Amino acid sequence: MMTLLLVRHGLTAMTGPLLAGWTPGVHLDERGRAQVAALAGRIAPLPLAAIVTSPLERCAETAEAIAAARGTGPGTAADKIETDERFGEVRYGDWTGRPLKELAEEPLWRVVQAHPSAVKFPGEDGESLAAAQHRAVTAVRDWNARIAAEHGPDALYAVCSHGDIIKAIVADALGLHLDQFQRIQADPASLTVIRYTETRPFVVRVNDTGGDIAALVPETSAERPGKEGLGPDDAVPGGGA
């Protein structure tokens, strides 16, 4: 029962009005640093086996804040930040750096909204949303296997990534067609949690920006009163307690 914490980076000066994409040198601004400091403090008690990040600066800075809040003692993940390009932002090609209000006038915008599985962004380095989802989901499965092998099947780890990438991973976990992924939201510095079992993923939280995190630590069998005989991949009728 591998638990993945998906963290979207905090705010930057480009977040909102412009499509940052893979624009280099986009750092967290003052608001973003405050956001990720608060999030890092919230999840600091969780026993993370690793912190993985997109290579883009805004995600790396978010990962560093999470690691810094955990200290440097035994059992912390402060010295385990790893970079995986597969968690990097969608490659938006010629759309990169342009204002959203301008992009909304493009014919492709309606396709992005209604039929994203058909979208390939223009330009030599433009990527399809389907390809971006495939690389991100493949990365999750690779990391699940690696973390389980190194830390056991009940470990937790964090990945710092981007809004569309997180939404695409959640859509896969929910069994949704990519054309439905626009129904999912991932705000800056939000926490999304997916628990993977042999049978199915469980989407535990989506777009969480506050609240208690104690329940994110997987239960042991002794901590599951009334659930004797149920496995971690069993969905409880009625929703459970």
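Refer to the structure printed above.
These lines cover the structure that appears in this document, whether it is placed above or below. Here the structure is a predicted model, which means the values were calculated and not measured.

Right, let's talk about the overall build of the protein for a bit. Each helix and strand counted, the protein has 6 helices and 6 strands in total. Mapped from its N terminus to its C terminus, the protein presents α and β elements in the order β-α-β-α-β-α-α-α-β-α-β-β. Across the 241 residues that make up the protein, the buried fraction comes to 47%. A fraction of 72% describes how many contacts in the protein between residues 6 or more apart in sequence connect residues 24 or more apart. Carbon and sulfur atoms provide 53% of the accessible area of the protein, an area that totals close to 11200 Å².

The next subject is the side chain of Arg70. Position of Arg70 relative to the elements: it lies in the loop between α2 (57-69) and β3 (81-83). What makes Arg70 buried here is its relative accessible area of 11%. Within the structure, the side chain of Arg70 is placed 2.4 Å from the backbone oxygen of Leu46, a separation counted as a polar contact.

Here the idea is simple: oppositely charged side chains can pair when their charged atoms come close. Under the defined criterion, the tally for this structure stands at 13 salt bridges. Across the pair Glu127 and Arg135 runs a salt bridge whose closest N-O atoms are separated by 2.9 Å. For Glu127, a relative accessible area of 12% puts it in the buried group.

So, about the sheet that holds strand β5 (residues 191-196). Within a sheet, each strand pairs with its neighbour through backbone hydrogen bonds, oriented either parallel or antiparallel. Ordered in space as β3-β2-β4-β1-β5-β6, the 6 strands form an open sheet in which the pairing is mixed. Looking at strand neighbours, the two that pair on one side only are β3 and β6 (201-208), the edges of this open sheet. Going from strand to strand, the sheet's axes swing by 20 degrees on average, the running direction of each strand aside. With 3 bridges connecting them, strand β2 (residues 48-53) and β3 associate as parallel partners. The residue of β3 that forms the bridge with Thr53 is Thr83. Those strands touched by α2 are β1 (2-8), β2, β3 and β4 (156-161), and its axis lies near 160 degrees from that of β2. Running at roughly 35 degrees to β5, helix α6 (residues 163-174) makes contact with β1, β4, β5 and β6 of the sheet.

Attention now goes to the packing of aromatic side chains. As enumerated under the stated definition, the model contains 3 aromatic pairs in all. Between the aromatic rings of Tyr92 and Phe121, the centroid separation amounts to 4.9 Å while the plane-to-plane angle is 80 degrees, which identifies the pairing as edge-to-face. Highlighted residues: Tyr92 in the loop between β3 and α3 (100-103) and Phe121 in the loop between α4 (107-114) and α5 (129-151), separated in sequence by 29 residues. Measuring from centroid to centroid gives 6.2 Å for Trp95 and Trp109, while their planes differ by 20 degrees, and the two rings are stacked. With Trp95 in the loop between β3 and α3 and Trp109 in helix α4, this residue pair connects regions lying 14 residues apart in the sequence. Taken together, the aromatic side chains of Tyr92, Trp95, Trp109 and Phe121 make up a single cluster linked through ring pairs. The ring of Trp22 carries Arg91 above its face, with NZ or CZ at 3.8 Å from the centroid. The ring of Phe181 carries the charged tip of Lys167 above its face, separated from the ring centre by 4.8 Å.

Counted at 1.5 Å a residue, the expected span for helix α1 (residues 30-43) with its 14 residues is 20 Å, and the 20 Å between its end C-alpha atoms agrees. Those residues of α1 lying buried are Gly32, Val36, Leu39, Ala40, Arg42 and Ile43. All buried residues of α1 lie within an arc of 155 degrees about the axis, which places them on one face of the element. Among the structural elements, β1, α2, β5 and β6 are those in contact with the buried residues of α1.

Rules used throughout
Residues numbered from 1 in each chain as written. Predicted model: local features only at pLDDT ≥ 70, side-chain atom pairs only at ≥ 80, totals over all residues. Heavy atoms only, no water. Helix = DSSP H or I, 4+ residues; strand = E, 2+ residues; numbered from the N terminus. Buried < 20%, exposed > 50% of the residue type's maximum accessible area, 1.4 Å probe, protein only. Contact = heavy atoms within 4.5 Å. Areas by Shrake-Rupley, 256 points an atom, 1.4 Å probe, with all protein chains shown as cover. Polar contact = N/O pair within 3.5 Å; in protein donor to acceptor, adjacent residues only side chain to side chain. Salt bridge = Lys/Arg side-chain N within 4 Å of Asp/Glu carboxyl O. Pairing = 2+ DSSP bridges. Axes fitted to C-alpha atoms, helices over the stretch in contact; angles between N-to-C directions. Phe/Tyr/Trp six-rings, centres within 6.5 Å; stacked < 30°, edge-to-face > 60°. Lys NZ or Arg CZ within 6 Å of the ring centre and 35° of its normal. Expected span 1.5 Å × (residues − 1). Arc of directions from axis to C-beta.

The values are spatial; any link to function lies outside them.
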